[in-house]
Amino acid sequence: MAKQFIVLLTLAVLSSVAAFTPNCNQQSQPVSSHLSARSRSKQNKSQKPNPAAGVNVVDDFDGIDMIPLLGLKRLKKKARRNKRVLNQKIREGKVIQDEEGVWIPRSN
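Since we're looking at a predicted model, the values are computed, not measured.

What counts, and at which threshold
- Along each chain, residues carry numbers from 1 onward, in the same order as the chain's sequence is written.
- Residues qualify for local features only when their pLDDT is at least 70, as the model is predicted, and side-chain atom pairs are given and counted only at 80 or more; totals for whole chains, interfaces and linings, by contrast, use all residues.
- Each side-chain value is worked out from all heavy atoms of the structure, with water and hydrogens disregarded.
- Helix and strand definitions follow DSSP, with helices as H or I runs of at least four residues and strands as E runs of at least two, each counted in order from the N terminus.
- For every accessible area listed, the method is Shrake-Rupley and the probe measures 1.4 Å; residues are considered covered only by the protein chains on display.
- The patches described consist of residues with a relative accessible area above 30% and no salt bridge, like charges being joined within 9 Å and nonpolar side chains (Val, Leu, Ile, Met, Phe, Trp, Tyr) within 5 Å.
- Take a side-chain nitrogen of Lys or Arg and a carboxyl oxygen of Asp or Glu: if they are within 4 Å of each other, that pair is a salt bridge.
- Counting rule applied: Lys, Arg positive; Asp, Glu negative; His and chain ends not counted.
- Every charge is mapped onto a representative atom, which is NZ of Lys, CZ of Arg, CG of Asp or CD of Glu.
- Each residue is placed in one exposure class: buried if its accessible area under a 1.4 Å probe, protein chains only, is under 20% of its type's maximum, exposed if it is over 50%, and partly exposed if it falls in between.
- Here the expected length of a helix is defined as 1.5 Å per residue gap, with one fewer gap than residues.

**Some details on the overall build of the chain**
- A count of helical and extended segments in the chain gives four helices and two strands.
- Moving toward the C terminus, one meets the helices and strands of the chain in the order α-α-α-α-β-β.
- Carbon and sulfur atoms provide 57% of the accessible area of the chain, an area that totals close to 10800 Å².

Here it is, written out as structure tokens:
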């Protein structure tokens, strides 16, 4: 009875450990592929764009749903803060409303 228990326990341990052992059927990559990857990375580094030439920044976020990206609570907090800052600027007279109803900075 004890012998059967030990055999079953050993099989259970081996089956659970087998997932973490390296697979003998997998072949390692040849060294030449590593060298070609290094040479490719060197070529990519040399082909990077010049930062002085300008950066392409996307300003159009009209079609993007921001709730899954930032979260509803965070967006509500941002809206409350923006409203509070705008109301403070209105009280101080730093902004005026144009014909379209948009608040713009007051020009002195």
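**Section: a positive patch on the surface**
- A cluster of basic residues, K73, R74, K76, K77, K78, R80, R81 and R84, forms a positive patch at the surface.
- Relative to the elements of secondary structure, R81 occurs in helix α4 (residues 72–92).
- Residue R81 is classed as partly exposed on the basis of its relative accessible area, which comes to 49%.

**What about α4?**
- For α4, built from 21 residues, the straight-helix expectation of 30 Å at 1.5 Å per residue is met to within 8% by its first-to-last C-alpha distance of 30 Å.
- At the C-terminal side of α4, G93 shows a positive phi close to 80 degrees.

**Description of the pattern of salt bridges**
- All chains considered together, the criterion is met by one salt bridge.
- A salt bridge links K94 to E92; the shortest N-O distance between them is 3.2 Å.
- For E92, a relative accessible area of 43% gives the class partly exposed.

From the geometry alone we can't say anything about function, so treat these as descriptive.
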